[in-house]
Amino acid sequence: MNKRQLYYQVLNFGMVVSSALMIWKGLMVITGSESPIVVVLSGSLEPAFHRGDLPFLTDRVEDPIRVGEIVVFRIEGREIPIVHRVLKSHEKQNGHIKFLTKGDNNAVDDRGLYKQGQHWLEKKDVVGRARGFVPYIGIVTILMNDYPKFKYTVLFLLGLLVLVHHE
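Residues numbered from 1 in each chain as written. Predicted model: local features only at pLDDT ≥ 70, side-chain atom pairs only at ≥ 80, totals over all residues. Heavy atoms only, no water.

Before going further, it helps to spend a moment on the UniProt feature "domain: Peptidase S24/S26A/S26B/S26C" (unreviewed entry) in the protein. The UniProt feature table records "domain: Peptidase S24/S26A/S26B/S26C" (unreviewed entry) at residues 25–115. This span, residues 25–115, is 8% helix and 27% strand, and a straight line between its end C-alpha atoms measures 30 Å. (UniProt positions renumbered as here; feature names shortened; annotations may be inferred. Helix = DSSP H or I, 4+ residues; strand = E, 2+ residues; numbered from the N terminus.)

Quick look at the structure:
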């Protein structure tokens, strides 16, 4: 491989990465969510979502959160968002809404997951609401997180493919 081909491969790889980032940012703007898609990491919401499902999220400010909706939320001090259903909602007279969540497959509500002293979630905790999903496609992400050697092997093979690919 000569220098010209190597530069071409590097630029091609850069275009793929920048295109993926532009698509992600575009989805963020369209959906209003900081994370337009997430991977379901546990079976706590079965039968609605299974481990590895990929829900599509929206987070429109004007839409109130309703009991029965599936929301993705972050807890202060926890890095990974949680996908669960709204179990109860409590609206104050000033219009401020608080709500409680629970996994469909869990025996108890999520108060044990919330930060200490927190009994309800607020709108600021929500990353988005599930509007649809692709089943099991996120299992690759789970495998890469659970088996680091698998992740490094896949990344190595993809990098090798980019370097040796000829058009």
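Glancing now at unusual backbone geometry. Each neighbour pair has its own omega, and for Glu-46 with Pro-47 the value is 10°, a cis peptide bond. Along the polypeptide, Pro-47 turns up in the loop between helix 1 (3–31) and strand 1 (54–58). Despite not being glycine, Tyr-136 has its phi angle at roughly 60°, a positive value.

Once that is clear, we can look at the UniProt feature "transmembrane region" (unreviewed entry) in the protein. UniProt records the feature "transmembrane region" (unreviewed entry) at residues 6–24, using the numbering of this structure. Helix and strand shares over residues 6–24 are 100% and 0% respectively, and the end C-alpha atoms of the span are 27 Å apart.

Let us look at the domain arrangement of the protein. Accessible area lost upon the coming together of the parts is a frequently used measure of interface size. The domain boundaries assigned to the protein delineate domain 1 (1–31) and domain 2 (36–135). Computed from C-alpha coordinates alone, the two centres of domain 1 and domain 2 are separated by 33 Å. Opposite the 6 residues of domain 1 that make contact, domain 2 presents 6 residues. Of all residues in domain 1, Trp-24, Ile-30 and Thr-31 give up the largest surface area on contact with domain 2, accounting jointly for 83% of the area buried on that side. Linking domain 1 with domain 2 are 0 salt bridges, by the criterion used here. Viewed at the interface, domain 2 and domain 1 are joined by 2 residue pairs in polar contact (both at pLDDT 80 or more). In terms of residue class, the side of domain 1 that touches domain 2 is made up of 5 nonpolar, 1 polar and no charged. (Domains from an automatic or database assignment. Contact = heavy atoms within 4.5 Å. Buried area = accessible area lost by both parts, 1.4 Å probe. Salt bridge = Lys/Arg side-chain N within 4 Å of Asp/Glu carboxyl O. Polar contact = N/O pair within 3.5 Å; in protein donor to acceptor, adjacent residues only side chain to side chain. Nonpolar A, V, L, I, M, F, W, Y, C, P; charged D, E, K, R; others polar.)

What follows deals with helix 1. Each full turn of the α-helix corresponds to 3.6 residues, which orients residues three or four apart in the same direction. Taking 1.5 Å per residue as the helical rise, helix 1 with its 29 residues ought to reach 42 Å, and the 42 Å between its terminal C-alpha atoms agrees with that figure. Structurally, the start of helix 1 carries an N-cap: the backbone nitrogen of Arg-4 is 3.1 Å from a side-chain oxygen of Asn-2. Looking one or two residues beyond helix 1, the residue adopting positive phi is Gly-32, at roughly 75°. (Expected span 1.5 Å × (residues − 1).)

Okay, the environment of Leu-160 next. Structurally, Leu-160 is set in helix 3 (residues 148–164). Take Leu-160: its relative accessible area is 38%, and that puts it in the partly exposed class. Taking the C-alpha atoms as reference points, Leu-160 and Phe-56, separated by 104 residues in sequence, lie 31 Å from one another. (Buried < 20%, exposed > 50% of the residue type's maximum accessible area, 1.4 Å probe, protein only.)

A cluster of nonpolar side chains, contributed by Leu-6, Val-10, Phe-156, Leu-157, Leu-160, Leu-163 and Val-164, occupies part of the molecular surface with about 620 Å² of accessible area. Of all elements in the fold, only helix 1 and helix 3 reach the threshold of two or more residues within the nonpolar patch. Top element by residues in the nonpolar patch is helix 3. It accounts for 5 residues. Structurally, Leu-6 can be placed in helix 1. (Patch = residues over 30% accessible without salt bridge, like charges linked within 9 Å, V, L, I, M, F, W, Y side chains within 5 Å. Areas by Shrake-Rupley, 256 points an atom, 1.4 Å probe, with all protein chains shown as cover.)

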